[in-house]
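Read off the chains here:
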Amino acid sequence: MSKVNKLSPDAVILKPHLTERAALGEALTKPVYTFVVASRATKPEISRAIKTLYQVTPLKVNILRAKPKRFVYRGRGGKTAGFKKARVFLPAGTKITLL
């Protein structure tokens, strides 16, 4: 059996992902927050990290990967960094203070 390396809550949640789409999407009807998370973080680890860091129990966690995007700048090709983000759904009436 392989040993599973558990990440600390600070290593799981890297930063909040504050965009217009994240703020105005479902957030108007439900408390939904988006975070950039570690690339190897799992849903249970993210849920535990939210409980530890913000003292709130999430209802569910959705994970998605933002793929790297290619670009050309001054004739040279490159790509942006891809990342993993988590959408955290909270019970009605609960909030997380991010700033």
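Residues numbered from 1 in each chain as written. Predicted model: local features only at pLDDT ≥ 70, side-chain atom pairs only at ≥ 80, totals over all residues. Heavy atoms only, no water.

Caption draft 1: Quick look at the nonpolar core. If you look at the biggest cluster of nonpolar residues, it comprises 16 residues, and the most contacted ones within it are I13, F35, V37 and I46. Elements with a contribution of two residues or more to this core: strand 2 (32–37), helix 3 (43–54) and strand 6 (83–89). Contact partners of I46, with chain neighbours within four places excluded, come to V12, I13, V37, A41, V61, I63, A86 and V88. (Core = buried A, V, L, I, M, F, W, Y, C linked by side-chain atoms within 4.5 Å. Buried < 20%, exposed > 50% of the residue type's maximum accessible area, 1.4 Å probe, protein only. Helix = DSSP H or I, 4+ residues; strand = E, 2+ residues; numbered from the N terminus. Contact = heavy atoms within 4.5 Å.)

Caption draft 2: Geometry of the pairing of strand 2. Burial analysis of strand 2 places six of its six residues in the buried class, the great majority of the element. As paired elements, strand 1 (residues 13–16) and strand 2 share three bridges and run antiparallel to each other. Residue I13 lies in a different strand from strand 2, and its bridge partner there is V37. (Pairing = 2+ DSSP bridges.)

Caption draft 3: Geometry of the sheet that holds strand 3 (residues 60–66). Taken in spatial order, the four strands make up an open sheet running 1-2-6-3, and their pairing is antiparallel. Single-partner strands in this sheet number two, and they are strand 1 and strand 3. Averaged over all pairs of adjacent strands, the angle between their axes in this sheet comes to 35 degrees, without regard to strand direction. Set on the sheet, helix 3 makes contact with strand 1, strand 2, strand 3 and strand 6; between it and strand 3 the angle comes to about 115 degrees. (Axes fitted to C-alpha atoms, helices over the stretch in contact; angles between N-to-C directions.)

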